[in-house]
Amino acid sequence: MGRIVLEKVTKKFGEVEVIPPLDLTIEDGEFAVFVGPSGCGKSTLLRLIAGLEEVTSGEVKIDDATVTEVPPSKRGLAMVFQSYALYPHMTVRKNIAFPLRMEKMPQSEIDAKVDMAAKSLNLTDYLDRKPGQLSGGQRQRVAIGRAIVRQPEAFLFDEPLSNLDAALRVGMRLEISELHQRLETTMIYVTHDQVEAMTMADKIVVLQAGVIEQVGSPLELYERPQNRFVAGFIGSPKMNLIEGEAAKKRGAQTMGMRPEHIAVSTEAGEFKGTVGVAEHLGSDTFLHVHIDGIEEHVTVRQRGNVNFKYGDTVYLTPEEANVHKFGADGLRID
Amino acid sequence: MANRTIPRLLQTPAVVLLLFWMLVPLSMTLFFSFIRYVLNNLRRPEWTSPSIENWRGFGNYQYVWNQDSFWLAIQNSILIVTSILFLTVILGVAIAVLINRSFPGLGIVRVLLISPFFVMPAVNAVLWINMILDPVLGLQGIAVNGINEIIAGLRSAPVVGGFFSLWPEFEPISFRATQTSAYAVIMMVTWQWTPFAVLIFMTSLQSEDQQQKEAATLDGAGRWNQFRFLTLPHLGRPIAIVVMIQAIFHLSLYAEIEIVSRGNGNKNLPYYIGELVNNNIGAASATGIFAVILANIVAIFLLRMVGKTLME
Ligand SMILES: Nc1ncnc2c1ncn2[C@@H]1O[C@H](COP(=O)(O)OP(=O)(O)OP(=O)(O)O)[C@@H](O)[C@H]1O
Ligand SMILES: [Mg+2]
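Residues numbered from 1 in each chain as written. Chains lettered and ligands numbered in written order. Predicted model: local features only at pLDDT ≥ 70, side-chain atom pairs only at ≥ 80, totals over all residues. Heavy atoms only, no water.

1. What about the overall build of chain A?
Argument step 1. Scanning chain A from N- to C-terminus turns up nine helices and 19 strands.
Argument step 2. Overall size of chain A, expressed as C-alpha extent along the three principal axes, is 75 × 45 × 30 Å.
Argument step 3. Taken across its 334 residues, chain A has 51% of its residues classed as buried.
Argument step 4. Sequence-distant contacts, at least 24 apart, represent 62% of the contacts inside chain A between residues at least 6 apart.
Argument step 5. Taken as two groups, the 38 positive and 47 negative side-chain charges of chain A have centres that lie 5 Å from each other. (Helix = DSSP H or I, 4+ residues; strand = E, 2+ residues; numbered from the N terminus. Buried < 20%, exposed > 50% of the residue type's maximum accessible area, 1.4 Å probe, protein only. Contact = heavy atoms within 4.5 Å. Lys, Arg positive; Asp, Glu negative; His and termini not counted. Charge placed at Lys NZ, Arg CZ, Asp CG, Glu CD.)

Here it is, written out as structure tokens:
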């Protein structure tokens, strides 16, 4: 079991309020991802749940038990850090065994559990090495191994993959997702990587300056962003947000169009513009179109390879059903 | 190859100088240790000049080896050095861990902690033996006197008087005596060198990874276990350095021993050599060579021990 509830949690560092009152529920077995710009308080929130920081006010509950005053070691949570935080003087085996050793578990039981964890993470051949003799991906796996042997109520990950190269990141992403399927344990995962958030999450929590902007499944957030911030933050490439005449016509302060929801024509359309850069990815082509009177370029996604090049004149028309409208307060208008 | 010649040429003076610096005294010592060479001998005046004619082979070594006082000096050297190392490392780690956090007055505390290190060894010895350890005039004498007076006063107190009348009168210890002078030396050198250990351990503690400690906290490790399994291994290398440097320095302690007791009873190797040098240069040189060997053994032994116990 691992249902985590935050009730009116706040956090101040000195005079600075990093987390204003915040409520959040993460269901048992859920994979929750915290995303948001740098410095918005993702790590702080995670550390509040772990107990590494004390809440200034409010309550943290795990399985309906209030743990606000409970020390981190007694909360039954395991955390994987961005820097791995492995114990450099211990072998991989001792690293993974450390939490069990602290529980004073009998040695034979420890060995069995460590061997099992090592096997599931492909670490069997490295058990007698020190962390310094491992690659980044292997270190990350040791850190995960150290977390899973304890069979915690929930796992907390703070940007665990950001120190890895792109290829390894994809591999580890899949491994963590698989781990979640297999263990069915609650996981909270902090990242600023769009793809990680979209592909791994059951539930995404979008934060800005300590405030939750929206909570929902990846598709909900993608298809119905509740405000301008979420609209601009979720999705890659970003949603095109346009203000001015075109938005006013639709009764909104800002209109948003995803790159795949814009039709391109060489003859006629709502916006006239010129092609800046055309990015050919093979499966898709992203056109960056400059439109008079609009400061930022508009990104358009076209399937396959299309023959537009720098300086071509094009006409863009949004698919009306998929236009997002936001009012002056930034909130969604339906 | 040609482009290597110039750098080598430029290095040569330094290398040659260093070689001479070390080789000349060492080979002279070696040479003297194999000949009969005394400063003063009326019956055999030919021994008073260093000459290959007076070759004695291992005679000097044999002579020294068979002296009881030589073995006493070695024992004393080892006792003094290992005690000081043990105490400074333990005190150093304890103090460094204690002050490795922020509290008001931290800067002043740190300066005060380091200051004993700047006192000259001879001054340090004079201060300790006369002002602190002296059985009559030193702090020790005054403190023991004070305690005795308090107890004497309590003897006539109503309830606890009976209990205190069973207590003996305390005697101040004379640290200039044969049996105790080594302890005086250990105390004063420990006081002087603990700051050195603290300084080195403090810098090392500041580079300790805080996230590892947080991870350990979540893994259920309390303060003691964090210290035992993270901090202590992290300090392994600095401890080895402190042990190494201090072993080298303290094997050659001299001033403190001279001032405390003039070598009465607690001669260490350097002091023993110093006494031989008054006349028998050959034997003194042989002892010097023994000292070099001993220093190496001690260093290797200590390093192994520190490495094994801390690095798991
Ligand atoms: N110990 C601290 N003392 C004071 N301020 C802090 C402390 N820790 C974090 N902060 C502040 O709290 C805010 C949130 O920090 P936090 O580390 O949670 O951000 P984050 O969302 O994890 O950012 P990133 O994506 O860069 O890791 C930041 O403005 C930071 O400066
Ligand atoms: Mg962070």
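2. Regarding the overall build of chain B
Argument step 1. Counting its regular elements, chain B contains 14 helices and zero strands.
Argument step 2. Listing the helices and strands of chain B from first to last along the sequence gives α-α-α-α-α-α-α-α-α-α-α-α-α-α.
Argument step 3. For 312 residues, the compact-globule estimate of 2.2 N^0.38 gives 20 Å, and the C-alpha radius of gyration of chain B, at 26 Å, exceeds that figure by more than 25%.
Argument step 4. With the principal axes as the frame, chain B shows a C-alpha extent of 80 × 65 × 35 Å.
Argument step 5. Looking at the 312 residues of chain B, the share that counts as buried comes to 40%.
Argument step 6. The long-range share in chain B, meaning contacts at least 24 apart out of those at least 6 apart in sequence, stands at 70%.
Argument step 7. Looking at charge distribution, chain B has the averaged site of its 18 positive side-chain charges lying 9 Å from that of its 15 negative ones. (Rg over C-alpha atoms; globule rule 2.2 N^0.38 Å.)

3. Here's the deal with the nonpolar core
Residues and elements named next belong to chain B.
Argument step 1. Core analysis: the largest hydrophobic core is formed by 55 residues, its most contacted members being I80, V93, F201 and I239.
Argument step 2. No other element matches helix α8 (residues 181-206), which puts eleven residues into this core.
Argument step 3. With residues up to four places along the chain from it excluded, the contact list for F201 reads V89, G92, V93, A96, L235, P238, I239 and V242. (Core = buried A, V, L, I, M, F, W, Y, C linked by side-chain atoms within 4.5 Å.)

4. Structural notes on the domain arrangement of chain B
Residues and elements named next belong to chain B.
Argument step 1. By domain assignment, chain B separates into domain 1 (26-42 + 54-133 + 179-311) and domain 2 (134-174).
Argument step 2. On a C-alpha basis, the centres of domain 1 and domain 2 stand 35 Å from each other.
Argument step 3. A combined buried area of about 440 Å² lies between domain 1 and domain 2, and 39% of that area is made up of carbon and sulfur atoms.
Argument step 4. In terms of surface lost to domain 2, no three residues of domain 1 exceed I132, L133 and T180, which account for 70% of the buried area on that side.
Argument step 5. In this assembly, domain 1 and domain 2 are joined by six residue pairs in polar contact (both at pLDDT 80 or more).
Argument step 6. Looking at the side of domain 1 that touches domain 2 residue by residue, the class counts come to five nonpolar, two polar and no charged. (Domains from an automatic or database assignment. Buried area = accessible area lost by both parts, 1.4 Å probe. Polar contact = N/O pair within 3.5 Å; in protein donor to acceptor, adjacent residues only side chain to side chain. Nonpolar A, V, L, I, M, F, W, Y, C, P; charged D, E, K, R; others polar.)

5. Overview of helix α11 (residues 236-250) of chain B
Argument step 1. With 15 residues, α11(B) should cover 21 Å at 1.5 Å per step; its first-to-last C-alpha distance of 21 Å lies within 8% of that length.
Argument step 2. For α11(B), the full list of buried residues reads G236(B), P238(B), I239(B), A240(B), V242(B), V243(B), Q246(B), A247(B) and H250(B). (Expected span 1.5 Å × (residues − 1).)

6. Here's the deal with the interface of chain B and chain A
Argument step 1. Taken together, the contacts link 17 residues of chain B with 22 residues of chain A.
Argument step 2. A buried area of about 1800 Å², summed over both sides, lies between chain B and chain A, and 59% of it is on carbon and sulfur atoms.
Argument step 3. Ranking the residues of chain B by area buried against chain A places L218(B), D219(B) and F229(B) at the top, with a combined share of 37%.
Argument step 4. Here chain B and chain A share three salt bridges between them. (Salt bridge = Lys/Arg side-chain N within 4 Å of Asp/Glu carboxyl O.)

7. Re the sheet that holds strand β15 (residues 284-291) of chain A
All names here are of chain A.
Argument step 1. Taken together, five strands build an open sheet; the order of strands is β13-β17-β14-β15-β16 and the sheet is antiparallel. Two strands lie at the open edges of the sheet, namely β13 (262-265) and β16 (298-303), each paired on one side alone. Averaged over all pairs of adjacent strands, the angle between strand axes in this sheet comes to 45°, irrespective of strand direction.
Argument step 2. Here strand β14 (residues 271-280) runs beside strand β17 (residues 313-318); their pairing, made up of four bridges, is antiparallel. From the neighbouring strand, F271 faces β17, where its bridge partner is L316. (Pairing = 2+ DSSP bridges. Axes fitted to C-alpha atoms, helices over the stretch in contact; angles between N-to-C directions.)

8. Examining the pattern of salt bridges
Argument step 1. Summed over all chains, the structure comprises 22 salt bridges over all chains.
Argument step 2. Among the ionic pairs, D219(B) bridges to R150(A), the shortest N-O distance being 3.6 Å. Taken together, the residues D219(B) in the loop between α9 (210-218) and α10 (223-234) and R150(A) in the loop between α4 (136-148) and β7 (154-158) connect one chain to another. One exposure class covers both D219(B) and R150(A), and it is buried.
Argument step 3. Across the pair R228(A) and E243(A) runs a salt bridge, and its minimum N-O distance is 2.6 Å. On the criterion of sequence distance, the pair formed by R228(A) in helix α8 (residues 228-233) and E243(A) in strand β11 (residues 240-243) is long-range, its members being 15 residues apart.
Argument step 4. Among the charged side chains, a network of salt bridges with common partners joins K11(A), R47(A), E53(A) and E214(B).

9. Some details on the side chain of S204(B)
Residue and element names in this part refer to chain B.
Argument step 1. Looking at the secondary structure, you find S204 in helix α8.
Argument step 2. What makes S204 buried here is its relative accessible area of 10%.
Argument step 3. Non-local contacts of S204, meaning those with residues more than four positions away in its chain, are made with H234, L235 and P238.

10. A few points about the packing of helix α3 (residues 68-98) of chain B against α11(B)
Geometrically, a packed helix pair is captured by the angle between its two axes and the distance between the axes.
Residue and element names in this part refer to chain B.
Argument step 1. It is at 10 Å that the axes of α3 and α11 come closest, and there the two elements cross at 145°. In the packing of α3 onto α11, the handedness of the crossing is right-handed. Two secondary-structure elements touch here, α3 through V81, I84, L85, T88, V89 and V93 and α11 through I239, V242, V243, Q246, A247 and H250.
Argument step 2. Residue composition of the contact of α3 with α11, by class: nine nonpolar, three polar and no charged. (Left-handed = near helix turned anticlockwise from the far one by under 90°.)

11. Some remarks on the site of ligand 1
Residue and element names in this part refer to chain A.
Argument step 1. Inspection of the region around ligand 1 gives F13, V18, S38, G39, C40, G41, K42, S43, T44 and E159 as its neighbouring residues.
Argument step 2. A distance of 2.8 Å separates an oxygen atom of ligand 1 from a polar atom in the side chain of K42.
Argument step 3. One of the side-chain N or O atoms of S43 is found 2.5 Å from an oxygen atom in ligand 1.
Argument step 4. Considered on its own, ligand 1 offers 630 Å² of accessible surface; in the complex 55% of this is hidden by protein.
Argument step 5. With three residues, helix α1 (residues 42-50) is the single largest residue contributor to the shell around ligand 1. (Near = heavy atom within 4 Å. Areas by Shrake-Rupley, 256 points an atom, 1.4 Å probe, with all protein chains shown as cover.)

12. Thoughts on the sheet that holds strand β10 (residues 211-216) of chain A
Residues and elements named next belong to chain A.
Argument step 1. Across the sheet, six strands lie side by side as β6-β7-β8-β3-β9-β10; this open sheet has mixed pairing. Every interior strand has two partners, whereas the edge strands, β6 (77-80) and β10, have only one. Strand-to-strand twist across the sheet, computed as the mean angle between neighbouring axes with direction ignored, equals 15°.
Argument step 2. Sheet topology note: the β7/strand β8 (residues 186-190) ladder contains five bridges and is parallel. Of the residues in β8, the one forming a bridge with F155 is M187.
Argument step 3. Against the sheet, α4 touches β6 and β7, its axis set at about 175° to β6.
Argument step 4. Along the sheet, helix α5 (residues 166-183) makes contact with β3 (31-35), β7 and β8, crossing β8 at roughly 160°.

13. Notes on the side chain of T231(B)
Argument step 1. Examined against the element boundaries, T231(B) turns out to sit in helix α10.
Argument step 2. When sequence neighbours within four positions are dropped, the list of residues in contact with T231(B) reads L205(B), E208(B), K213(B) and Q226(B).

14. What to know about empty space enclosed by the protein
Argument step 1. Tallied over the entire structure, the rule returns two cavities of 30 Å³ or more.
Argument step 2. Of the voids in this model, the largest cavity is the one considered here, and its volume is about 70 Å³.
Argument step 3. Along its surface, the largest cavity is lined by A78(A), M79(A), V80(A), A143(A), R146(A), A147(A), R150(A), A215(B), L218(B) and D219(B).
Argument step 4. Residue assignment for the lining of the largest cavity shows that the elements contributing at least two residues are β6 and α4 of chain A together with α9 of chain B.
Argument step 5. Here the lining of the largest cavity is built from residues that sort into seven nonpolar, no polar and three charged. (1 Å grid on protein atoms, 1.4 Å probe; cavity = no way out; pocket = protein on both sides within 12 Å on 5 of 7 lines; lining within 4 Å. Points joined across faces, edges and corners; volume = space filled by probe spheres on them.)

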